[in-house]
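What the coordinates show
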Amino acid sequence: MTIRSHRSWGPLVLVAALAVAACGSSAPTTPPASRGPAPSATTQPSGPAVTSSPSAAVSPVPTPAATAAAVSCADTGDAAPRPTSDTGDPNAGLYAKIEAQVSALRGLTATTPVARSVFDVPGLCAYLKKSLAEDNPPALMTATETLYRELLLLQPGQSLEKLYLDLLGSQVAGLYDDKTKHMYVVTSTGAIGPVEQITYAHEYTHALQDQAFDLRKLVGEAHDQGDRSLARSALVEGDATLLMSLWAQQNLTAAEIAKAASASDPAATAALAAAPVILKDSLMFPYTSGLNIALGAYGSGGGFAGVDTLFANPPDSTEQVLHPDKLAAREAPVKVAFPADLAKRLGPGWTVPLQDTLGEFQLEILLREGGASDSKAAAAGWGGDRVALIEGPDGAVGVVLDTAWDTPADATEFATALDPLVAKLKASGRSAAVLVPEPGRVVLVTGSSPDVLGRVSNVLGLAQ
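Computed from a predicted model, the values in this text were never measured in an experiment. (Residues numbered from 1 in each chain as written. Predicted model: local features only at pLDDT ≥ 70, side-chain atom pairs only at ≥ 80, totals over all residues. Heavy atoms only, no water.)

Here we come to the packing of aromatic side chains. Applying the stated criterion to the full structure yields nine aromatic pairs. Note on Tyr298 and Phe304: the rings are 5.0 Å apart at their centroids and 85° apart in plane angle, and the pair reads as edge-to-face. Here Tyr298 and Phe304 have matching classes, each one buried. (Phe/Tyr/Trp six-rings, centres within 6.5 Å; stacked < 30°, edge-to-face > 60°. Buried < 20%, exposed > 50% of the residue type's maximum accessible area, 1.4 Å probe, protein only.)

Structure follows, in structure tokens:
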């Protein structure tokens, strides 16, 4: 389940602002729900270090956060977003220069000029509030918050909207809105230093992608395909992260790169550390794992021409993003579905306000947060899944997660890995059970009471 957005910023959605480990090389090397493409924003947790050979593997490198906002956007007013400058920008020449460099490096040419503006922190906060509300209707946000809480991914009393706004407000340094086709640079001082320039290179890449590949069509606008949207966003963000890495190496001095790498904001770092894992990791996934698939395509496909082939045939699951062999084979997700009349079967007063697909990436988070000893291994072998939030009379709440696995052994490993989560759910006062109705299939059912658990299991033919 991912928070939906039409903007690209960085996972329900930001780019970790790049800290480049070295300069002078023109080729990268190692180190490092949703309706539309995740906004591309440039944030600042961990960024890729790049040095020389594009064929090298990527591993995350911790770097300080270079942030534009260290305030709680959730606590600011609801004023209309207002850029600090729309005309007469003294940095227009610098932006035009970066655009030309990015276009030449990426091998894409803009068919129309890209509008740009600058946000100060209050303007950014107002924009974030407005865009979050537009892309996530209140009912969807409430249902997502309830689902996370029922799966113990949010603590009682935590507000998903506030957490998300605080996370984005502390991390975003720039963004591209694929709905309005407008770019924004975020600066609290008006200065355009190395961090802002790197950010601009990243965001302008999104504008070129949008004109060449149609990002809204690529990522899709379905409310219930979070895993596919996250996988497609990984391609979009990975490409732009690779590009900005190369751009920085070729166009910034060693001193400028060092300044970008050392930029730090304790408040931004604290905000990232305090965010729930499901938000923080989902935000970073498109940039870190996306960089991996972009590097792989770049190294084996003749540079960015290889990346273009991924846009022609993009990943359909986070499993494909996480496993190069499954991406190469285009291993298709297994379709898992609930009865179309599930709410009717449950009876009067029952609703199914949310359905989605978690995918391997978010299932791993669920297992990890639940206490599994080897969550990555247990989530591997994923074939497909479907999760539904179920609500009934008198505050009744249930969740059913139906999963399909490549082999019975994979299913057994996943079922075993769910045991610590089930224990935590029961300790929290919920009812929970793991059912294996057939080889290769595992179903987690939770309920606010034994009656809810039994009703849901009976309706789905899972009662034992």
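Let's shift gears to helix H10 (residues 277-300). In this model H10 runs 33 Å from its N-terminal to its C-terminal C-alpha over 24 residues, within 8% of the 34 Å that 1.5 Å per residue would give. At Phe285, H10 shows its largest bend, some 45°, and a proline, Pro286, comes one to four positions later. A large share of H10 lies buried, amounting to 18 of its 24 residues. The positive-phi residue at the C-terminal boundary of H10 is Gly302, with phi of around 80°. (Helix = DSSP H or I, 4+ residues; strand = E, 2+ residues; numbered from the N terminus. Expected span 1.5 Å × (residues − 1). Bend = angle between axes of the 7 residues up to and from the residue.)

On to the side chain of Ser117, then. Structurally, the position occupied by Ser117 is in strand E6 (residues 115-119). One polar contact links Ser117 to His182, side chain to side chain, over a distance of 2.9 Å. (Polar contact = N/O pair within 3.5 Å; in protein donor to acceptor, adjacent residues only side chain to side chain.)

The phi dihedral of Lys181 falls on the positive side, at around 65°, and the residue is not glycine. Looking at the secondary structure, you find Lys181 in the loop between strand E7 (174-177) and strand E8 (182-186). The backbone of Asp214 sits at a positive phi, close to 60°, despite the residue not being glycine. Examined against the element boundaries, Asp214 turns out to sit in the loop between helix H5 (194-213) and helix H6 (215-219).

For the rest of this paragraph, the subject is the pattern of salt bridges. The full count for this structure, using the stated rule, is 19 salt bridges. A salt bridge links Glu134 to Lys130, with the nearest nitrogen and oxygen atoms 2.6 Å apart. Highlighted residues: Glu134 and Lys130, both in helix H2 (residues 121-135), separated by four residues, approximately one helical turn. A residue is classified by how much of its surface remains accessible, and Lys130, at 44% relative accessible area, is partly exposed. A salt bridge links Asp224 to Arg386; its shortest N-O distance comes to 2.8 Å. With Asp224 in the loop between H6 and helix H7 (226-251) and Arg386 in strand E10 (residues 382-391), the pair connects residues that are 162 residues apart, well separated along the chain. Judged by relative accessible area, which is 8%, Arg386 ranks as buried. Overlapping salt bridges, with partners in common, bring together Glu319, Lys326, Glu331 and Asp406 in one network. (Salt bridge = Lys/Arg side-chain N within 4 Å of Asp/Glu carboxyl O.)

This part takes up the sheet that holds strand E11 (residues 397-405). Hydrogen bonds along the backbone pair up the strands of a sheet, which may run parallel or antiparallel. Ordered by their spatial adjacency, five strands build an open sheet running E9-E10-E11-E13-E12, and the pairing between neighbours is antiparallel. Each of the sheet's edge strands pairs with one partner strand only, and the pair in question is strand E9 (351-356) and strand E12 (431-438). Strand-to-strand, the axes of this sheet are offset by a mean angle of 15°, without reference to chain direction. Where E9 lies against E10, four bridges are found, and the strand directions are antiparallel. Considered in E10, the bridge of Leu354 is made with Leu389. Sitting on the sheet, helix H19 (residues 450-459) is in contact with E10, E11, E12 and strand E13 (441-447), with an inclination near 145° to E13. (Pairing = 2+ DSSP bridges. Axes fitted to C-alpha atoms, helices over the stretch in contact; angles between N-to-C directions. Contact = heavy atoms within 4.5 Å.)

Once that is clear, we can look at the pairing of E7. Residues Gly174 and Tyr176 line one face of E7 and the alternating positions Leu175 and Asp177 line the opposite face, and both faces are buried. Where E7 lies against E8, four bridges are found, and the strand directions are antiparallel. Bridge pairing in E8 links Gly174 to Val185.

Right, let's talk about the confidence of the model for the protein for a bit. For the protein, per-residue confidence averages 83 on the pLDDT scale, and 80% of positions sit at 70 or higher. A low-confidence stretch, residues 10-39 (pLDDT under 50), is modelled with 182 contacts involving residues beyond four sequence positions or located in other chains. (pLDDT = per-residue confidence, 0-100.)

With that out of the way, let us pick up the nonpolar core. In terms of nonpolar packing, the biggest core is built from 108 residues, with Val102, Tyr204, Leu242, Trp247, Leu363 and Leu367 touching the most fellow members. Ignoring any residue separated from it by four or fewer positions in sequence, one finds Val102 in contact with Ala201, Tyr204, Thr205, Leu208, Leu243 and Trp247. Counting 17 residues, the second largest nonpolar core, distinct from the first, contains Leu342, Leu346, Ala388 and Ile390. (Core = buried A, V, L, I, M, F, W, Y, C linked by side-chain atoms within 4.5 Å.)

Every buried residue belonging to H19 is among Val452, Leu453, Val456, Ser457 and Val459, and all of these are buried. Down the axis, H19 shows its buried residues gathered within 165° of arc, on one side only. Pointing more than 90 degrees away from the buried face of H19 are the exposed residues Pro450, Asp451 and Asn458. Downstream of H19 by one or two residues, Gly461 has phi in the positive range, about 70°. (Arc of directions from axis to C-beta.)

Our focus in this paragraph is the packing of H10 against helix H11 (residues 304-312). Relative orientation of the contacting elements H10 and H11 amounts to 120°, with a least axis distance of 6 Å. It follows that H10 is oblique to H11 by the angle criterion. Note that H10 runs across H11; the crossing there is right-handed. Contact residues: Ile293, Ala294, Ala297 and Tyr298 in H10; Phe304, Gly306, Val307 and Leu310 in H11. Tallied by class, residues from the contact of H10 with H11 come to seven nonpolar, one polar and no charged. (Parallel < 35°, antiparallel > 145°, perpendicular 65-115°, else oblique. Left-handed = near helix turned anticlockwise from the far one by under 90°. Nonpolar A, V, L, I, M, F, W, Y, C, P; charged D, E, K, R; others polar.)

Secondary-structure assignment places Val456 in helix H19. For Val456, a relative accessible area of 1% gives the class buried. Between the alpha carbons of Val456 and Leu342 there is a distance of 9.3 Å; along the sequence they are 114 residues apart.

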